[in-house]
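Summary of the model geometry
In case you want the letters, here they are:
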Amino acid sequence: MQTDLNLDIDCLKTARKVTEFLEKKLDRYLALSGKQRFDLKSPGMDGMPKAPSYGNGSESRMLNIWLAEEVVDCVGCAMRNMTKESQRILLSRYSDQMLTYNIARELSISSSTYSRKQEKALCEFADRFEFQLVKHGIHTEIEDLHVYPDEE
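For clarity, every value in this text was computed on a predicted model and none was experimentally measured.

In terms of helices and strands, the protein carries five helices and zero strands. Beginning at the N terminus, the succession of helices and strands in the protein can be written as α-α-α-α-α. When the 152 residues of the protein are sorted by exposure, 37% land in the buried category. Within the protein, counting contacts between residues at least 6 apart in sequence, those at least 24 apart form 71% of the total. Taken as a whole, the protein presents about 9,200 Å² of accessible surface, with 50% of it coming from carbon and sulfur.

Turning next to the state of the cysteines. Applying the stated criterion to the full structure yields one disulfide. Of the cysteine sulfurs around Cys-74, a residue in no disulfide, the closest is that of Cys-77, at 6.8 Å. Relative accessible area serves as the criterion here: at 0%, Cys-74 is assigned to the buried category.

Our next topic: the nonpolar core. Leu-22, Val-75, Leu-90, Phe-125 and Phe-129 are the most contacted members of the largest nonpolar core, which totals 33 residues. Within the residue set of this core, elements represented by two or more residues are helix H1 (11–33), helix H2 (59–80), helix H3 (84–94), helix H4 (100–107) and helix H5 (111–135). In terms of residues, this core owes the most to one element, H2, which gives eight residues. Residues in contact with Val-75, not counting those within four places in the same chain, are Phe-21, Leu-22, Leu-26, Leu-40, Phe-125 and Phe-129.

Analysis parameters
- Residues numbered from 1 in each chain as written.
- Predicted model: local features only at pLDDT ≥ 70, side-chain atom pairs only at ≥ 80, totals over all residues.
- Heavy atoms only, no water.
- Helix = DSSP H or I, 4+ residues; strand = E, 2+ residues; numbered from the N terminus.
- Buried < 20%, exposed > 50% of the residue type's maximum accessible area, 1.4 Å probe, protein only.
- Contact = heavy atoms within 4.5 Å.
- Areas by Shrake-Rupley, 256 points an atom, 1.4 Å probe, with all protein chains shown as cover.
- Disulfide = S-S within 2.5 Å.
- Core = buried A, V, L, I, M, F, W, Y, C linked by side-chain atoms within 4.5 Å.

This is the structure:
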């Protein structure tokens, strides 16, 4: 049995998809999990899967909350396991909610250099997030953030 490992991604489109996830979809997962953006930095999020709680009439709601907690844990673990530069860029932007101009200034780099480094960090996040989804056993529940060259 041969597995075809597709390592080629469209980095620009992947970065856009990750940005949409971190700017829009993540807020819903945070709200359902009872966590805040600053919790993404917390080492208290251990990254270990937890069994979902099943309830009688509220099973679906409980599963949604459990899944949201797992996704937030995956985001936090992915961010904390990135390279230091990527981690600093993404946590500053999506946890501390700093403006990109201020992050570039803090890193002492130009805005164009920041844009290149941010795109690289967003693609690194997609890789590390995918690993966490598999580790947590929820990769079939959450959309892959990668965009591959042969996709429209």
